[in-house]
Amino acid sequence: MEVIPLTNSKFAAEIQGFDASRFNEDEFQQLYATWLSYGVIRLRNQSMDDEQLMRFSQEFGPLEYSPMGKVTESERAQVPNPHVLTISNIRKNGKPIGGLGAGETSWHTDMSYVENPPKASLLYAVKVPPSGGDTHYCCMELALKELPLELRERLETIEVKHDAAHDSIGKLRRGFDQADTPIAAPGVYHPAILEHPETSENVLFLGRRDEAYIKGLSLLESEELLDEICQYVAKPSHVWTQEWQVGDLLIWDNRRLMHKRSSFNDSDQRLMRRTQVQGEIAVALA
């Protein structure tokens, strides 16, 4: 195995010489340690079906159900594989086979609108467009270090509500209605600064900017403070961009990275498979 850093700030790396469909425990432990050290790792030239992707993903921990909005257990049981999410703009018989289409997504943390968000997300490229559809990652440890001292001290005592009603392209999830204001929007509150449960590093923890709300403030005060915070997020030196190739598998730490996707031509086809690993415990306020 060889580790190749992909950013000057060293939060992304490629691991060469690792086959995610065939590996031993020592090899996985090396990969896991590298993942913790960086935050996002890339494996190229992988060949996996859904079962192999699930088995590899489970090495990181128990898998989370794919987000489906408000569904009953009987409806979820009808999904062939509720742990593997299809992200695609491809349509069959006029119906999309997956979610998110071809549009741009906003910066977000996966499923941060639940009490215990996933610790890891894995995304595998089955089919990619000739251009566009790149995934951008930003490091929230570095964003926190950018904050002026006075702003950081203020953030140590606040909680931010993460909206549950909309997906990363801003579309209403199944079973939700549009709220009048972010104050009334459904979601859960998380501390703005968290301590990573495995590295003990402090991180800025945010979700989608739209519909976010800071507990206890007026809507105007919340919007102004969120705008101020976001000035320090996703600075160019803290962003790495993944230009996808078929067979790429990315694993990122959902507790300390945000990501977004670029749009692409809807006449091109993009097909991705995603799994998510359950968070072990709610990360604690630093």
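Just so it is clear, the structure is predicted and the values come from calculations on it, not from any experiment.

Considerations on the overall build of the protein chain
When helices and strands are tallied, the protein chain shows 6 helices and 19 strands. In terms of overall dimensions, the protein chain is globule-like: its C-alpha atoms have a radius of gyration of 19 Å, near the 19 Å expected for 286 residues. When its C-alpha atoms are laid out on the principal axes, the protein chain stretches across 50 × 45 × 35 Å. The buried share among the 286 residues of the protein chain stands at 51%. About 13500 Å² of surface is accessible on the protein chain, with carbon and sulfur atoms providing 46% of the total. The averaged location of the 43 negative side-chain charges in the protein chain is 5 Å from the averaged location of its 30 positive side-chain charges.

Side note on the packing of aromatic side chains
Each aromatic ring pair is described using two quantities: the centre-to-centre distance and the angle formed by the ring planes. Considering all chains together, one arrives at 13 aromatic pairs under this definition. A centroid spacing of 5.7 Å and a plane angle of 40° characterise the contact between Tyr32 and Phe60, whose relative ring orientation is tilted. Separated by 28 residues along the polypeptide, Tyr32 in helix α1 (residues 25–38) and Phe60 in the loop between α2 (50–58) and α3 (73–77) bring together distant segments of the chain. In this structure Tyr32 comes out as buried when scored by relative accessible area, which is 13%. Relative to Phe60, the ring of Trp35 lies with its centre 5.3 Å away and its plane at 80°, an arrangement referred to as edge-to-face. Separated by 25 residues along the polypeptide, Trp35 in helix α1 and Phe60 in the loop between α2 and α3 bring together distant segments of the chain.

What about the side chain of Asp134?
Summarising the element assignment, Asp134 is placed in the loop between β8 (120–127) and β9 (135–139). For Asp134, which is buried and forms no salt bridge, the nearest opposite charge comes from Arg270, at a distance of 7.3 Å. Beyond its immediate sequence surroundings of up to four residues, Asp134 is in contact with Thr241, Gln242, Glu243, Trp244, Lys260, Arg261 and Ser262.

Notes on the pairing of strand β17 (residues 257–261)
On any regular strand, side chains alternate: one points to one face of the sheet, the next to the other face. Among the 5 residues of β17, 5 are classified as buried, and the element is accordingly described as predominantly covered. Along β17, one buried face is formed by Leu257, His259 and Arg261 and the opposite face, lined by Met258 and Lys260, is buried too.

Thoughts on α1
Between its first and last C-alpha atoms α1 spans 20 Å; for 14 residues at 1.5 Å apiece the expected length is 20 Å, and the two agree. On its buried face, α1 sits against β1 (2–5), β2 (12–16), β3 (40–43), α2, β8 and β16 (249–253). Capping the start of α1, Asn24 holds a side-chain oxygen 3.2 Å from the backbone nitrogen of Asp26, two or three residues further along. At the exit of α1 stands Gly39, carrying a positive phi of roughly 130°.

Let's talk about the pattern of salt bridges
Charged atoms that come close allow side chains of opposite charge to pair. Tallied over the entire structure, the rule returns 17 salt bridges. The closest approach of N and O atoms between Glu14 and Arg42, which form a salt bridge, is 2.6 Å. Separated by 28 residues along the polypeptide, Glu14 in strand β2 and Arg42 in strand β3 bring together distant segments of the chain. Given the relative accessible area of 9%, Glu14 is considered buried. Residues joined by salt bridges that share partners form a network here, namely Lys119, Glu141, Glu198, Asp253, Arg255 and Arg256.

A closer look at the sheet that holds strand β15 (residues 239–242)
Spatially, the 3 strands line up as an open sheet ordered β15-β9-β17, and their pairing is antiparallel. Edge strands, defined here as strands with exactly one partner in the open sheet, are β15 and β17. On average, adjacent strands in this sheet sit at an angle of 25° to one another, irrespective of strand direction. In this sheet, β17 lies alongside β9 in antiparallel orientation, the contact comprising 5 bridges. From the neighbouring strand, His136 faces β17, where its bridge partner is Lys260.

Concerning helix α6 (residues 219–230)
Along its 12 residues, α6 runs 16 Å from first to last C-alpha, staying within 8% of the 16 Å computed at 1.5 Å per residue. Considered for burial, the residues of α6 that qualify are Ser222, Leu225, Leu226 and Ile229. Each buried residue of α6 lies within a common arc of 100° when the element is viewed along its axis, so the set occupies one face.

Quick look at the sheet that holds strand β10 (residues 159–163)
Two modes of strand pairing occur in sheets, parallel and antiparallel, and in both the strands are linked by backbone hydrogen bonds. Here 3 strands make up an open sheet; going across it, the order is β11-β10-β14 and the pairing antiparallel. Of all strands in the sheet, those bounded by a partner on one side alone are β11 (187–191) and β14 (213–214). Sheet topology places β10 next to β14; 2 bridges connect them, and they run antiparallel. Each bridged residue has a counterpart across the sheet, and for Val160 the counterpart in β14 is Ile214.

Remarks on unusual backbone geometry
Despite not being glycine, Glu211 shows a phi value in the positive range, around 70°. Its location among the elements puts Glu211 in the loop between β13 (202–204) and β14. In the Ramachandran plot, Ala234 falls in the positive-phi region, its phi being about 60° despite a non-glycine side chain. Relative to the helices and strands, Ala234 resides in the loop between α6 and β15. Of the residues examined, Ala234 reaches a relative accessible area of 23% and is grouped as partly exposed.

The rules we used
Residues numbered from 1 in each chain as written. Predicted model: local features only at pLDDT ≥ 70, side-chain atom pairs only at ≥ 80, totals over all residues. Heavy atoms only, no water. Helix = DSSP H or I, 4+ residues; strand = E, 2+ residues; numbered from the N terminus. Rg over C-alpha atoms; globule rule 2.2 N^0.38 Å. Buried < 20%, exposed > 50% of the residue type's maximum accessible area, 1.4 Å probe, protein only. Areas by Shrake-Rupley, 256 points an atom, 1.4 Å probe, with all protein chains shown as cover. Lys, Arg positive; Asp, Glu negative; His and termini not counted. Charge placed at Lys NZ, Arg CZ, Asp CG, Glu CD. Phe/Tyr/Trp six-rings, centres within 6.5 Å; stacked < 30°, edge-to-face > 60°. Salt bridge = Lys/Arg side-chain N within 4 Å of Asp/Glu carboxyl O. Contact = heavy atoms within 4.5 Å. Expected span 1.5 Å × (residues − 1). Polar contact = N/O pair within 3.5 Å; in protein donor to acceptor, adjacent residues only side chain to side chain. Pairing = 2+ DSSP bridges. Axes fitted to C-alpha atoms, helices over the stretch in contact; angles between N-to-C directions. Arc of directions from axis to C-beta.

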